[in-house]
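Observations on the three-dimensional arrangement
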Amino acid sequence: MAPSQSVRLRDTGLNERVVVEIQRRGKLVVGEPFFSPGVPLVLERKGLGDIGVGDLAVVRPGPGRARLEQVLGPAKEIENVLEALLFEEGLRTGFEPYSAPPPSMDGRTDLRELLAFTIDPETAKDFDDAISVRREADGLRAWVHIADVSHFVSADSSLDRGAARRSCSVYVPGRVAPMLPLDLSADLCSLRPHQDRLCVTVEIPFDGELRAGEPVFYRSVIRSRERLTYGRAEAILAGRERADDELTDGLRLAERLALELRRRRFARGALRIETKEIAFSFDGRGGVREARPETEAHAHALVEELMILANEAVASLLAGRRRESLYRVHERPDPQAVAHLVAKLADLEVPTPPAPEAEHLTPAEAERLAAAIGERVMTYVAQARRGQEAFPALVLRALKQARYDPRNLGHSGLASRAYCHFTSPIRRYPDLVCHRALLRELGVSDEPLPEELHELAEHSSARERAATAIEYRADDICLAWLLGDRLFELGWEATFEGEVTGVIDSGLFVRFGEVFEGYVPARRLEGDYFELNPLGTALVGRRFRRTYRLGDPIEVQVESIERAEGKVELAPSNSSAGRSHGRGQTPF
């Protein structure tokens, strides 16, 4: 397994296809590269059929004219653009041939009578995990059931090698590029309700004070009773919706356990930084109807804590026996980076805990300090209503990036001594590796692990970063689409209240209108020549010391929108000049 040579998900040599928008130039049919500037491609006339001007198409360049491979539809419709992005990034290349074995009960614990349920977003199509919780003596017993993908995908098969190369599923609004074929990811492996499904189960007892006992692991078969969405689970817990008594009781027990697990995790020093994702809905006519920021749902936190519990249990078993796998590691922050974070926050007048000088700060102290800073920053932005995007981002950028590694190096952000990704094998290849490692350790499988685990770890980490970049890019495209429609209604002279979320030498990034983000080039900041200050927290005017700081309010107007690139250029409105303030003063 060769490591990825790029942060793109394109497989070099396998995807030479380009997405173009069709134009006509005299008698020629021409494709203009859609997502980035490029030389127009003249298309072969063979197979063009009734393709229309303004359609998006996938073409394969050749030594002569380009060959049409697929027509996606009008470029003015957002759904076609999102599908085109997946083609452009090499994510629609098909799957390797395979023959999935039939499900088998052999050697499995039958848990079909145990109440199990899934909790997922409204739009989810693949269900990796189900949970069960019931009372037992004076305590509880919890089961986390994870789809047994390893039963259907043999190690080192052509499909397995393809899944390793893809490494993860990629989700953009309204569609997915799955790691595995849909008849596996959305059917045979997916824990759909009222159907027998093969799992690997982690079972953990808890005493009356909810202290965890020794976990046990085994292959199982379950039958999920309910497919709950986050919204419905929360409605049942809040008493707004009725469900049968057994389901309601199981859900409340899961909530009680999850809340205690979360309390203990933060008490032991886990990082508390909340970020908002954006959920989109479409109007069915090629446009984006709505974009709304979503904070973490209570039901999502419930599921997350039980998944963390299972991941830690599997990683602790493998690490305790010094077994290689793909661990999810997050190393302690660099003391210098944390000291620099403290200086930045002080410059922005954000309170921080007392901190020793950088040269006296050990990695362990830096880890504890980063967690305390995260807690203080989240409290501050909630109370001050300032820096809600910028300040948590500063904390995250001061930390090292989580990644995969064959060695157990711990997970600083979760305050876990051993951690792995085990709970999403339908959509992440490292989880499938962990399943195989666990099953080998239990003596119920002899499937080998990949030989080059270090290279696979690097590859999986790079593919994860690339997938995240594509998902952000798709969100930006959807937001640009929506903003264009808003300005058609409001007029381009409309102004928006915003907040500075990023500063670089050449300009400002601004979040405005609650969900939109754009860029203000420094050339549009009139009245002075602006430079980045030494800490990188503000642009400061040379002559008049006007300042644009992270977290500052700013009123902006939209100058231009590049919809296919998801880019928005802004300018300050006339009433939004930079503020003059020195250390110790507030911009409000």
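Residues numbered from 1 in each chain as written. Predicted model: local features only at pLDDT ≥ 70, side-chain atom pairs only at ≥ 80, totals over all residues. Heavy atoms only, no water.

A cluster of acidic residues, Glu 451, Glu 452, Glu 455 and Glu 458, forms a negative patch on the protein surface. Considering the arrangement of structural elements, one finds Glu 458 in helix H12 (residues 453–490). (Patch = residues over 30% accessible without salt bridge, like charges linked within 9 Å, V, L, I, M, F, W, Y side chains within 5 Å. Areas by Shrake-Rupley, 256 points an atom, 1.4 Å probe, with all protein chains shown as cover. Salt bridge = Lys/Arg side-chain N within 4 Å of Asp/Glu carboxyl O. Lys, Arg positive; Asp, Glu negative; His and termini not counted. Charge placed at Lys NZ, Arg CZ, Asp CG, Glu CD. Helix = DSSP H or I, 4+ residues; strand = E, 2+ residues; numbered from the N terminus.)

Within this structure, the stated rule accounts for 53 salt bridges. Here Asp 249 and Arg 135 are joined by a salt bridge, their closest N and O atoms 2.7 Å apart. Of the two residues, Asp 249 is situated in helix H6 (residues 245–267) and Arg 135 in strand E8 (residues 129–136); the sequence distance between them amounts to 114 residues. Take Asp 249: its relative accessible area is 30%, and that puts it in the partly exposed class. Between Glu 367 and Arg 332 there is a salt bridge whose closest N-O contact spans 3.2 Å. Taken together, the residues Glu 367 in helix H9 (residues 363–384) and Arg 332 in the loop between strand E17 (327–329) and helix H8 (335–347) connect sequence positions 35 residues apart. The network of salt bridges with common partners includes Arg 17, Arg 60, Arg 67 and Glu 69. (Buried < 20%, exposed > 50% of the residue type's maximum accessible area, 1.4 Å probe, protein only.)

Our focus in this paragraph is the pairing of E8. In this sheet, strand E9 (residues 139–147) lies alongside E8 in antiparallel orientation, the contact comprising 8 bridges. The partner of Glu 136 across the bridge, within E9, is Gly 139. Hairpin remark: E8 followed by E9, antiparallel, with 2 residues in the connecting loop; positive phi at Ala 137, about 50°. (Pairing = 2+ DSSP bridges.)

A word on unusual backbone geometry. Backbone geometry at Ala 137 places phi at a positive 50°, although glycine is not the residue there. Structurally, the position occupied by Ala 137 is in the loop between E8 and E9. A relative accessible area of 84% places Ala 137 in the exposed class. One non-glycine residue, Ser 167, adopts positive backbone phi at about 75°. Note that Ser 167 resides in the loop between helix H3 (158–166) and strand E10 (170–172).

Here the focus is helix H11 (residues 429–442). When the terminal C-alpha atoms of H11 are compared, their 20 Å separation across 14 residues agrees well with the 20 Å that a helix rising 1.5 Å per residue should span. Counting buried residues in H11 gives 12 out of 14 residues, a clear majority hidden from the surface. If you check which residues of H11 are buried, you get Tyr 429, Pro 430, Asp 431, Leu 432, Val 433, Cys 434, His 435, Arg 436, Ala 437, Leu 438, Leu 439 and Glu 441. One or two residues past the end of H11 sits Gly 443, with phi positive at roughly 80°. (Expected span 1.5 Å × (residues − 1).)

As a note on interpretation, predicted positions should not be read in detail where pLDDT is low. Residues of the chain with pLDDT of at least 70 account for 95%, and the chain-wide mean is 92. Under a pLDDT of 50 for its full length, residues 1–15 has, in the predicted model, 40 contacts with residues more than four places off or in other chains. Counted against residues more than four places away or in other chains, residues 578–588, with its pLDDT under 50, gives 27 contacts. (pLDDT = per-residue confidence, 0-100. Contact = heavy atoms within 4.5 Å.)

This part is about the packing of helix H5 (residues 230–237) against helix H7 (residues 298–320). Where H5 meets H7, the closest approach of the two axes is 8 Å, and the angle between their N-to-C directions is 100°. Classified by the angle their axes make, H5 and H7 are roughly perpendicular. When H5 is examined against H7, the residues Tyr 230, Ala 233, Glu 234 and Leu 237 are found in contact with a partner set consisting of His 298, Ala 299, His 300 and Leu 302. For the contact of H5 with H7, a count of residues per class yields 5 nonpolar, 2 polar and 1 charged. (Axes fitted to C-alpha atoms, helices over the stretch in contact; angles between N-to-C directions. Parallel < 35°, antiparallel > 145°, perpendicular 65-115°, else oblique. Nonpolar A, V, L, I, M, F, W, Y, C, P; charged D, E, K, R; others polar.)

Attention now moves to the sheet that holds strand E1 (residues 18–25). Taking strand neighbours across the sheet as the criterion, the 5 strands line up as E3-E2-E1-E4-E5 in an open arrangement whose pairing is antiparallel. Unpaired on one side and paired on the other, strand E3 (41–42) and strand E5 (67–74) mark the two borders of the sheet. Of the pairings in the sheet, the one linking E1 to strand E4 (residues 55–60) comprises 4 bridges and is antiparallel in character. Across the sheet, residue Val 18 finds its bridge partner in E4, namely Val 59. Strands E1, E4 and E5 of the sheet are contacted by helix H1 (residues 78–88), whose axis makes an angle of about 150° with E5.

The bond known as a disulfide is covalent and runs between the sulfur atoms of two cysteines. Tallying each qualifying case throughout the model produces 0 disulfides. No disulfide involves Cys 168; its nearest neighbouring cysteine sulfur is the one of Cys 434, lying 15 Å away. Of all cysteine sulfurs in the structure, the one in Cys 168 sits closest to Cys 478, which takes part in no disulfide; the separation is 19 Å. For Cys 478, a relative accessible area of 0% gives the class buried. (Disulfide = S-S within 2.5 Å.)

Under the counting rule described, the total for this entry stands at 6 aromatic pairs. Taking the centre distance of 6.3 Å and the plane angle of 40° together, the rings of Tyr 380 and Phe 391 count as tilted. One end of the pair, Tyr 380, is in helix H9; the other, Phe 391, is in helix H10 (residues 390–397), and 11 residues separate them in sequence. Taking the relative accessible area as the measure of exposure, Phe 391 reaches 0% and is therefore buried. (Phe/Tyr/Trp six-rings, centres within 6.5 Å; stacked < 30°, edge-to-face > 60°.)

Let's shift gears to the nonpolar core. Among the nonpolar cores identified, the biggest contains 79 residues, and Ile 78, Ile 373, Phe 391, Leu 483, Leu 508, Phe 512 and Val 558 are the most heavily contacted of them. With 11 residues, the top contributor of residues to this core is H12. (Core = buried A, V, L, I, M, F, W, Y, C linked by side-chain atoms within 4.5 Å.)

Taking 1.5 Å of rise per residue, the 23 residues of H6 would be expected to cover 33 Å, and the 33 Å separating its terminal C-alpha atoms lies within 8% of that figure. Capping of H6 at its N-terminal end is provided by Asp 244; its side-chain oxygen lies 3.1 Å from the backbone amide nitrogen of Glu 246. Looking one or two places after H6, you find Gly 269, whose phi comes out positive at around 110°. (Polar contact = N/O pair within 3.5 Å; in protein donor to acceptor, adjacent residues only side chain to side chain.)

With respect to the helices and strands, Val 20 occurs in strand E1. Relative accessible area serves as the criterion here: at 0%, Val 20 is assigned to the buried category. Spatially, the C-alpha atom of Val 20 lies 8.5 Å from that of Pro 40, the residues being 20 residues apart in sequence. When neighbours within four sequence positions are excluded, Val 20 is seen to be in contact with Gly 31, Glu 32, Pro 33, Phe 34, Leu 41, Asp 55, Leu 56, Ala 57 and Val 59.

Turning our eyes to something else, we now look at the side chain of Asn 311. Relative to the helices and strands, Asn 311 is located in helix H7. Looking at Asn 311, its side chain comes within polar contact range of the main-chain nitrogen of Thr 423, at 3.4 Å. Those residues in contact with Asn 311 that sit more than four places away from it in its chain are Tyr 419, Cys 420, His 421, Phe 422 and Thr 423.

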